[in-house]
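Below are the chains, spelled out letter by letter.
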Amino acid sequence: MMSGPQLLSPQQQVPRSLWSLLCMTTLLLSSIQLTIATSSSDNDNNNGNKKDLSAGKLRQLAETALMERKFTDAESYYRQAISVEPTNSANHYKLYNLHKRMRSYGDALGDITTACELLEKSEDNDGKNKNKTMEYKRIKAKLLVNLGRCEDAVSEYKSLNEVNEDATNCAHVTNAALSAYQQSDWSSAIKHFGNVLTNYATLGDTPDLLYMKSQAEYNVGDYYGTISDTGKILKSYPQHLEAYQLRGEAYFRLNEMDMAQKHFREGLKLDPEHGGCKEGHRLLKKVTKNDKRGDAAFEKGEYKDAIGLWWGAMNVDIEHLAFVRPTLLKVVRAHLALKEYAKAEEECMKHVNNQESVEGLHLLGEVQSSAEKYQESLRSYQRALEIAPDDQKQHCKRKVEEAQVALKQSKEKNYYKILSVPRNAQLKEIKKSYRELALQWHPDKNTDNKEKAEQMFQDISEAYEVLSDKELREKYDRGEPVFENQGGGQQGQRHHMNPNQFFHQNFHQGGGQRQHHFRYG
């Protein structure tokens, strides 16, 4: 009888080595599944345990987190402890200490206040905790002083039947500061607010006091003080709209327009309808728009338009001296470019009479020199040297020496005067003036006054020869002889050159254009 097919054992079906590998893999997978299941179970248990932790355990976890400087975790544990024991003042007191360490002084004040209230209720119920209540109230009162809330601190001490010298003095100085502020006695207000903030409200979380001090500083023109104090406010309270406005206005007064614009815009981001920031931004745009258009017109040589635009910018607020004073000097330069020397001197005197500056006096000296008032020009440069800071002395000394040379040359042969150009004229301007004057005084065009024309033509050519040559011009400006064998000044000296030939050389034009032919002599 035939037997049925025999079944092979797994060992017979699979090679031994492969079978061992399969067994190990199966065991490993089982182990991983068991670990995952265990871990999941542990997590569920831990979550349940955290929910069931006692207030004491939560405080212990908070203390551990605090030692590791994990302040957010510590805060979370303390708040959980409060939810478990909401009437336990110790939880609020510990949270007070944490918030104080985190410099969250407003939160700290709330915590210690709650702790005091809970202790007072407990004391009413069982008459216990009286000493701890008094301890917490003293802590609260001291914090109130440090926050500049000195009247509240005095009241807190009164509830303890105590008088604290710091709280009393702080309240007195704070009241003096507020009284001066209300009476617009800005200097006194600054003094008293400074006393409070330096000696009592030392924690820095005093936005109201700082803001009032900033306003007082602004009103006395201490714009840097305003910027400093409003900066402290914005560091702690970055959404303080009034601080953005006041800081923007202070930067505006200092003519730091980019920073002013930045602060007005930051305020408008927080509140697009904020009236103060909107108005500040509007005025700033009006000033800067005209100013930039004036600069552009000046660069194009449209000097009268530039003057009008700059005056339009200044008239937005003529008392805004940080902007008006430098802009007025730009107006002077435009009048100087137009050769309106009397008007240029008049406007420059406004700047100097308001407050002397090296820049203003130098420009005044330049205007006076251009108007051939060489003695007055020298005095202006000398005055600039007198008031100049040490780092500008050398520059001012050179200017005085140049003015002395100009005064000396004005009594001899003045090449700048001959060509009717200022001493700081560019080569292009010198060449243009030479061409016009040479054509005007060429002897062939002045036959009725030939002798004078020849003299003028000679002087014009000589002046151009010197002023168009960089090396010769520098010598001339220093008061040195510009030609060989020349001494004792320029008067009566002649350079050996043919003015007619010099004229034709400088008037020769290429490209097939018309050439000028004149006869001389």
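What counts and what doesn't
Residues numbered from 1 in each chain as written. Predicted model: local features only at pLDDT ≥ 70, side-chain atom pairs only at ≥ 80, totals over all residues. Heavy atoms only, no water. Helix = DSSP H or I, 4+ residues; strand = E, 2+ residues; numbered from the N terminus. Contact = heavy atoms within 4.5 Å. Areas by Shrake-Rupley, 256 points an atom, 1.4 Å probe, with all protein chains shown as cover. Core = buried A, V, L, I, M, F, W, Y, C linked by side-chain atoms within 4.5 Å. Buried < 20%, exposed > 50% of the residue type's maximum accessible area, 1.4 Å probe, protein only. Axes fitted to C-alpha atoms, helices over the stretch in contact; angles between N-to-C directions. Parallel < 35°, antiparallel > 145°, perpendicular 65-115°, else oblique. Left-handed = near helix turned anticlockwise from the far one by under 90°. pLDDT = per-residue confidence, 0-100. Patch = residues over 30% accessible without salt bridge, like charges linked within 9 Å, V, L, I, M, F, W, Y side chains within 5 Å. Salt bridge = Lys/Arg side-chain N within 4 Å of Asp/Glu carboxyl O. Lys, Arg positive; Asp, Glu negative; His and termini not counted. Charge placed at Lys NZ, Arg CZ, Asp CG, Glu CD. Expected span 1.5 Å × (residues − 1). Phe/Tyr/Trp six-rings, centres within 6.5 Å; stacked < 30°, edge-to-face > 60°.

(A) Quick look at the overall build of the protein chain. Counting its regular elements, the protein chain contains 26 helices and 0 strands. Relative to all contacts within the protein chain whose residues are 6 or more apart in sequence, the contacts with residues 24 or more apart total 50%. Of the roughly 30400 Å² of accessible surface on the protein chain, 48% is carried by carbon and sulfur atoms.

(B) Summary view of the side chain of Glu-345. Its place among the elements puts Glu-345 in helix α18 (residues 341-354). Those residues in contact with Glu-345, other than ones at most four positions away along the chain, are Leu-364, Val-367, Gln-368 and Lys-373.

(C) Representation of the nonpolar core within the structure. If you look at the biggest cluster of nonpolar residues, it comprises 67 residues, and the most contacted ones within it are Ile-112 and Leu-143. It is helix α6 (residues 105-126) that provides the largest number of residues to this core, a total of 7 residues. Once you skip the residues sitting within four places of it in the chain, Ile-112 turns out to touch Tyr-93, Tyr-96, Tyr-136, Ile-139, Lys-140 and Leu-143. Ranked by size, the runner-up nonpolar core spans 22 residues in total, among them Tyr-415, Ile-430, Phe-457 and Val-482.

(D) Quick look at the packing of helix α11 (residues 207-219) against helix α13 (residues 241-253). In the contact formed by α11 and α13, the axes pass within 11 Å of each other and the chain directions differ by 20°. Overall, the two elements α11 and α13 adopt an arrangement that is roughly parallel. The way α11 lies across α13 gives a crossing that is left-handed. Two secondary-structure elements touch here, α11 through Tyr-211, Ser-214, Gln-215 and Tyr-218 and α13 through Glu-242, Ala-243, Leu-246, Glu-249, Ala-250 and Arg-253.

(E) Seen up close, the confidence of the model for the protein chain. Chain-level statistics for the protein chain give a pLDDT mean of 85 and a share of 82% at 70 or above. Confidence over residues 34-49 falls short of pLDDT 50; this stretch has 0 contacts with residues more than four positions distant or in other chains. Throughout residues 487-494 the model reports pLDDT below 50, and contacts reaching past four residues in sequence, or to other chains, amount to 19 contacts.

(F) Region of interest: a positive patch on the surface. A contiguous patch of positive charge, built from Arg-265, Lys-285, Lys-289 and Arg-293, is present on the exposed surface. Considering each element in turn, the positive patch owes the most residues, 3 residues, to helix α15 (residues 275-299). By secondary structure assignment, the location of Lys-289 is in helix α15.

(G) Region of interest: the environment of Ser-76. Within the element layout of this structure, Ser-76 appears in helix α4 (residues 71-84). Residue Ser-76 is classed as partly exposed on the basis of its relative accessible area, which comes to 37%. Between the alpha carbons of Ser-76 and Leu-61 there is a distance of 9.9 Å; along the sequence they are 15 residues apart.

(H) The environment of Asp-305, seen in detail. Along the chain, Asp-305 turns up in helix α16 (residues 303-314). Taking the C-alpha atoms as reference, Asp-305 lies 9.9 Å from Asp-295; in sequence the two are 10 residues apart.

(I) Structural view of unusual backbone geometry. A positive phi is found at Glu-372, a non-glycine position, where the angle reads about 65°. The topology assignment puts Glu-372 in the loop between α19 (358-370) and α20 (374-387). Although it is not a glycine, Ser-420 sits at a positive phi angle of roughly 60°.

(J) Just α19, in detail. With 13 residues, α19 ought to run about 18 Å at 1.5 Å a step, and its terminal C-alpha atoms sit 18 Å apart, in line with that. With 11 of its 13 residues buried, α19 lies for the most part within the structure. Taken together, the buried positions of α19 are Val-358, Gly-360, Leu-361, His-362, Leu-363, Leu-364, Gly-365, Val-367, Gln-368, Ser-369 and Ser-370. The inward-facing, buried residues of α19 contact α17 (321-337), α18, α20 and α21 (393-410).

(K) Local environment of the packing of aromatic side chains. One pass over the full model with this rule turns up 10 aromatic pairs. Ring geometry for Tyr-93 against Tyr-136: centres 4.6 Å apart, planes inclined by 10°, an arrangement best described as stacked. A residue pair is termed long-range when its members are at least 10 positions apart, and Tyr-93 in helix α5 (residues 89-101) and Tyr-136 in helix α7 (residues 130-146) qualify at 43 residues. On the accessibility criterion, Tyr-136 (4% relative accessible area) is buried. Here Tyr-218 and Tyr-223 contribute two aromatic rings whose centre-to-centre distance is 5.3 Å and whose plane-to-plane angle is 65°, an arrangement assigned as edge-to-face. Ring pairs connect the aromatic residues Tyr-93, Tyr-96 and Tyr-136, which therefore count as one cluster.

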